[in-house]
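# Structure assessment
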Amino acid sequence: MPGAVIVGTQWGDEGKGRFTDYLAKEASLCVRYQGGHNAGHTLVVDGEVFKLQLVPSGVLYPWVVPVIGNGVVVDPEVLLAELDMLEGRGIDSRRIRLSGNAHLIMPYHQELDRLNERYLGKAKLGTTKRGIGPAYADKAMRVGLRVQDLLDPKIFREKLDLVLREKNGVLTKVYNRLPVDAAALAEQYMALTPRLEPLIADTVHLVHQALDAQQWVLLEGAQATFLDLDHGTYPFVTSSNPVAGAVGAGAGVGPRDVERIVGVVKAYTTRVGSGPFPAELPEGDSVGDLLVERGAEYGTNTKRRRRTGWLDLVMVKHALRLNTCTEIALTKLDVLSPLRELKVCVAYEGDDGARYDHVPYHQSVVHKVRPVYETLPGWGHDIERAERLDDLPAEAQQYVRFIEEVAGVAVTFVGVGPGREQTVVLPRAA
Ligand code: GDP
Ligand code: IMO
Ligand code: MG
């Protein structure tokens, strides 16, 4: 069995966790390949809600080994708290494996994230303030501390002393803050090591062992294509590469190991934080309010109200191409049920009247484009109990077909509610 990637096609919170949980049933490994606890993945099983930030969403199946790959940035205290939460709910967390090459988020990363945002003022990115950007910056600067450094207290302290020379200079001289005490911080992290040590592993080896044994390895993306550091709406992006191709760097698999790439598409669009959003509904719009209310569009992580808009197929098409998606998992179709008519953005119109059916590369253009909509009929009644495609009203089926036609990729699953069982499997699903 090959690798399969689950990737977000919009600005996050499409329901990646929910579909990872659904598909993980058949897998032996479920691997996170990037991001950190800026992610918030929600699973609903038999009415029980699980909110995960770092632990891969396959954790609910006892036969799945959840793997935190080398491309993830890890706050060890957050990870341990999540493991405690899982244990408290009867889920064995000792199966989880943590890459020794993953980088550690340190308290100064979080402090610098907060300070950067404050100093940006109106130009702030609206980050989750989890220290993600500063931790990845240190990784690129080659001054990051890695999970494996926890296993060697001497090395850990040496590296920390070195990096704090610069960090403390910035904290005290630029931001007028107190310096970080190296000894106290080293002690704080060392105290966590005994619990983390049994989890630390050569995760690349584990992944290849599973692939060699023809087992299915599920690679779970966090964030999404338009939050990608290279392909998103820079600088309003996260500091990692959520695109499917990043599994190579973040999990250690090669392009030939991946056969299935599931692009998760929310039936409408949301975004948390700043940045352009062509199909955004204006504040106070009644459709936007309905989407927030019915879709519970508040950040899993930060509780911020998500910005909302109609489905933007210009973006989705671009994402499907960038990720070479083999199929679409469509989520939250049920949220649209009360609406009489539905708009779908199929192109953009520029300031100068130019029409774009692809995402313009120039950000200044993206900021100014207006959406060109097609209108489709709504269905007007609940679909939460649909089990098969035929159970969906004709108009809902038409909405699904429209997406497939414009996108040129098959929809294989439709989410009609947050529950694991509220998944309509379409006939073309393998
Ligand atoms: P992720 O970050 O992509 O994993 O998505 P989140 O978990 O942050 O946000 C998705 C939200 O929508 C969660 O509250 C899910 O429980 C919920 N959800 C997922 N799929 C569906 C669906 O098909 N219908 C409804 N109504 N809710 C869904
Ligand atoms: P999941 O995996 C939605 C957004 C933040 C901010 C930008 C940068 O649940 O889909 P960061 O803290 O990463 O430096 O913030 O990215 N962001 C997300 N938005 N879902 C997420 O994850 C996100 N992770 C980061 O709101 O705009
Ligand atoms: Mg989320």
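Below: a short report on this structure. Quick caveat: nothing in here was measured; it's all calculated off a predicted structure.

This brings us to the overall build of the protein chain. In terms of regular secondary structure, the protein chain is built from 13 helices and 20 strands. For 430 residues, the compact-globule formula gives about 22 Å, and the C-alpha radius of gyration of the protein chain, at 22 Å, lands near that figure. Residues classed as buried in the protein chain amount to 57% of the 430 residues present. Pairs at least 24 apart in sequence give 76% of the contacts found in the protein chain among residues at least 6 apart. Summed over all atoms, the accessible surface of the protein chain reaches about 18300 Å², with 51% contributed by carbon and sulfur.

Burial within strand S11 (residues 258–266) is extensive, with 8 of its 9 residues counted as buried. In the sheet, strand S1 (residues 3–8) pairs with S11 via 6 bridges, with the strands oriented parallel. Bridge pairing in S11 places Ala4 opposite Arg260. Taken together, the 5 bridges between S11 and strand S15 (residues 327–331) define a ladder with parallel strand orientation. Residue pairing across strands places Gly263 opposite Ile328, the latter belonging to S15.

Next up on the list: the sheet that holds strand S5 (residues 65–68). Either a parallel or an antiparallel arrangement is found when strands of a sheet pair, and the pairing is made through backbone hydrogen bonds. Within the open sheet, the 10 strands sit side by side as S9-S7-S5-S2-S10-S1-S11-S15-S19-S20. Their pairing is mixed. With partners counted over all chains shown, the strands left at the sheet margins are strand S9 (200–201) and strand S20 (423–425), one partner each. Helix-sheet contacts for helix H1 (residues 16–24) involve S1, strand S2 (29–32), strand S10 (217–220), S11, S15, strand S19 (411–415) and S20, and the interaxial angle to S1 is about 160°.

To continue, consider the site of ligand 1. Inspection of the region around ligand 1 gives 19 residues, with Gly15, Lys16, Gly40, Thr42 and Asp334 positioned closest. Asp13 is positioned with one of its side-chain polar atoms (N or O) 2.9 Å from an oxygen atom of ligand 1. Counting residues per element, the ones that place at least two in the shell around ligand 1 are H1 and strand S3 (41–45). Top element by residues in the shell around ligand 1 is H1. It accounts for 3 residues. Tallied by class, residues from the shell around ligand 1 come to 3 nonpolar, 9 polar and 7 charged.

Moving on: unusual backbone geometry. For the peptide bond that leads from Tyr234 to Pro235, omega is 5°, which places it in the cis range. Looking at where Pro235 falls in the secondary structure, it is placed in the loop between S10 and helix H9 (247–251). Of note, Arg142 is a non-glycine position whose phi angle comes to about 65°, a positive value. Along the chain, Arg142 turns up in the loop between helix H4 (132–141) and helix H5 (153–174). Among the residues examined, Arg142 registers a relative accessible area of 74% and is labelled exposed. Positive phi values are uncommon outside glycine, yet Gln223 reaches one of about 50°. Tracing the backbone shows Gln223 in the loop between S10 and H9.

Tetrahedral coordination by four donors places them ideally at 109.5 degrees to one another around the metal; octahedral coordination by six donors ideally gives 90 or 180 degrees. Within the protein, the magnesium ion (ligand 3) binds to Asp13 (OD) and Gly40 (O); these donor distances fall in the range 2.0 to 2.2 Å. With Asp13 in the loop between S1 and H1 and Gly40 in the loop between S2 and S3, the pair connects residues that are 27 residues apart, well separated along the chain. Gly40 gets classed as buried once you look at its relative accessible area, which sits at 13%.

Quick look at the nonpolar core now. In terms of nonpolar packing, the biggest core is built from 57 residues, with Val5, Leu219, Ile328, Leu330, Leu333, Leu336 and Tyr399 touching the most fellow members. Those residues in contact with Ile328 that sit more than four places away from it in its chain are Gly263, Val265, Leu320, Ile403, Ala407, Val409, Ala410, Val411, Thr412 and Phe413. In terms of nonpolar packing, the next biggest core, distinct from the first, is built from 43 residues, Val74, Ile91, Met106 and Leu192 among them.

A few words now on the environment of Ala24. With respect to the element layout, Ala24 can be found in helix H1. Sequence separation between Ala24 and His205 is 181 residues, and the spatial gap between their C-alpha atoms is 20 Å. Ignoring anything within four residues of it in the chain, the contact list for Ala24 reads Gly58, Tyr61, Trp63, Val64 and Leu218.

Parameters at a glance
Residues numbered from 1 in each chain as written. Chains lettered and ligands numbered in written order. Predicted model: local features only at pLDDT ≥ 70, side-chain atom pairs only at ≥ 80, totals over all residues. Heavy atoms only, no water. Helix = DSSP H or I, 4+ residues; strand = E, 2+ residues; numbered from the N terminus. Rg over C-alpha atoms; globule rule 2.2 N^0.38 Å. Buried < 20%, exposed > 50% of the residue type's maximum accessible area, 1.4 Å probe, protein only. Contact = heavy atoms within 4.5 Å. Areas by Shrake-Rupley, 256 points an atom, 1.4 Å probe, with all protein chains shown as cover. Pairing = 2+ DSSP bridges. Axes fitted to C-alpha atoms, helices over the stretch in contact; angles between N-to-C directions. Near = heavy atom within 4 Å. Polar contact = N/O pair within 3.5 Å; in protein donor to acceptor, adjacent residues only side chain to side chain. Nonpolar A, V, L, I, M, F, W, Y, C, P; charged D, E, K, R; others polar. Donors = N, O, S within 2.8 Å, 3.2 Å for Na, K, Ca; no water. Core = buried A, V, L, I, M, F, W, Y, C linked by side-chain atoms within 4.5 Å.

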